[in-house]
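What follows is each chain in one-letter form.
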Amino acid sequence: MTSTAPDRSIDETLAELVEEFDLLGDWEGRIEYVIDLGKDLPPLPEEARIEANKVPGCAAQVWLSMRPQGERLFFDADSDSALSKGNIALLLRLYSGRLPGEILAFDAKAALDRLGLPSALTRQRANGLNSMVGRIREAALAAG
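To keep things clear, this report deals only with the structure shown in the data block. (Residues numbered from 1 in each chain as written. Predicted model: local features only at pLDDT ≥ 70, side-chain atom pairs only at ≥ 80, totals over all residues. Heavy atoms only, no water.)

Structural notes on the overall build of the protein chain
Note the following rule: Strands here mean DSSP runs of E at least two residues long; helices mean DSSP runs of H or I at least four residues long; both are numbered from the N terminus. The globule rule is 2.2 Å times the number of residues to the power 0.38, and the radius of gyration it is compared with is taken over C-alpha atoms. Throughout, exposure labels follow a simple rule: accessible area from a 1.4 Å probe, protein chains only, divided by the maximum for the residue type, with under 20% read as buried, over 50% as exposed, and the rest as partly exposed. Only heavy atoms matter for contacts: two residues are in contact if any of them lie within 4.5 Å across the pair. Method for areas: the Shrake-Rupley scheme with a 1.4 Å probe, in which residue coverage is limited to the protein chains shown. Residues counted as positive are Lys and Arg, residues counted as negative are Asp and Glu, and His and the chain ends are not counted. Charge positions come from single atoms, namely NZ of Lys, CZ of Arg, CG of Asp or CD of Glu.
Secondary structure summary: the protein chain contains seven helices and two strands in total. N-terminal to C-terminal, the α/β element order of the protein chain is α-α-β-β-α-α-α-α-α. Its C-alpha atoms give the protein chain a radius of gyration of 14 Å, within 12% of the compact-globule value 15 Å for 144 residues. Judged by the C-alpha coordinates and their principal axes, the protein chain covers about 40 × 30 × 25 Å. Classification of the 144 residues of the protein chain by burial places 46% in the buried group. Taking the contacts inside the protein chain whose residues are at least 6 apart along the sequence as the reference set, 67% of them involve residues at least 24 apart. Accessible surface for the protein chain amounts to roughly 7,400 Å². Of this, 51% is attributable to carbon and sulfur atoms. If the 16 positive side-chain charges of the protein chain are averaged to one point and the 23 negative ones to another, these points end up 3 Å apart.

Laid out in structure tokens, this is it:
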């Protein structure tokens with residue numbers, strides 16, 4: 001559970017992800033990479049696996065909790081699905097440790113489109129990804 005501010009801007013982090021995704025080529029390689037990202041997520045504490053932290057609209061169970069620290073928002077998450085866990089890990093790489101204003105100013109839909117992620121997912125999984133982003137944005141709105 002990292003509690004240090006990211007050393008890159010959110011746009012630099014996205015550019016890094018785009019570069020990584022471009023090296024992977026096809027959508028199968030990208031999905032496999034996303035699943036690998038999820039494997040690196042630290043386990044979510046049991047006390048965070050509560051109904052209030054569940055993200056609605058996901059094909060799998062996804063938990064997302066927020067830890068404000070100073071002005072920054074840190075997110076912890078987990079899922080019972082390898083792909084959903086990877087999707088949320090990718091979002092945490094972009095969003096965790098950011099200021100609420102940074103989160104709200106970032107165009108997540110455009111970013112995910114640049115990665116080619118929604119088109120590689122089923123409609124239900126793409127909707128779940130949007131729900132995860134929505135939950136992060138709600139937390140930023142509430143904190144800002």
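What about the packing of helix α1 (residues 10-24) against helix α2 (residues 27-39)?
Using the following cut-off: The angle between two axes is taken between their N-to-C directions and runs from 0 to 180 degrees, where each axis is a line fitted to C-alpha atoms and a helix contributes only its stretch in contact. Each angle gets one of four labels, with under 35 degrees taken as roughly parallel, over 145 as roughly antiparallel, 65 to 115 as roughly perpendicular, and the rest as oblique. Should the near helix be turned anticlockwise from the far one by less than a right angle, the crossing is left-handed, and should it be turned clockwise, the crossing is right-handed.
Closest axis-to-axis distance for the α1/α2 pair is 8 Å, and the angle between their directions is 130°. On the basis of the axis angle, α1 is oblique to α2. You can see that α1 and α2 cross each other, and the crossing is right-handed. Contact with α1, carried on its side by E20, F21, D22 and L24, involves G29, R30, Y33 and V34 of α2 and no other residues of that element.

Here we look at the packing of helix α3 (residues 82-95) against helix α7 (residues 123-143)
Selection rule: Any residue that is not Ala, Val, Leu, Ile, Met, Phe, Trp, Tyr, Cys, Pro, Asp, Glu, Lys or Arg is counted as polar, Gly included; the first ten are nonpolar and the last four charged.
The N-to-C vectors of α3 and α7 enclose an angle of 35°; their axes lie 10 Å apart at closest approach. At the point where α3 passes α7, the crossing takes the right-handed sense. Side by side, α3 and α7 meet where L83, S84, N87, I88, L91 and Y95 of the first sit next to R125, L129, M132, V133 and I136 of the second. Along the lines of polarity and charge, the residues of the contact of α3 with α7 split into eight nonpolar, two polar and one charged.

What to know about the side chain of T13
On the secondary structure map, T13 appears in helix α1. Using a relative accessible area of 6% as the deciding quantity, one classes T13 as buried.

So, the packing of aromatic side chains
For clarity, the cut-off: When two rings of Phe, Tyr or Trp (its six-membered ring) have centres within 6.5 Å they constitute a pair, described as stacked for plane angles under 30 degrees, edge-to-face for angles over 60, and tilted for the intermediate range. Sitting over a ring, as applied to charges here, requires NZ of Lys or CZ of Arg to be within 6 Å of the ring centre and within 35 degrees of the ring normal.
Under the defined criterion, the tally for this structure stands at two aromatic pairs. Centre to centre, the rings of Y95 and F106 are 5.9 Å apart; their planes meet at 85°, and the pair counts as edge-to-face. Placement of the pair is Y95 in helix α3 and F106 in the loop between α4 (100-105) and α5 (108-115), with a sequence separation of eleven residues. One exposure class covers both Y95 and F106, and it is buried. Between R49 and the ring centre of W63, over which it is positioned, the NZ or CZ distance is 4.8 Å.

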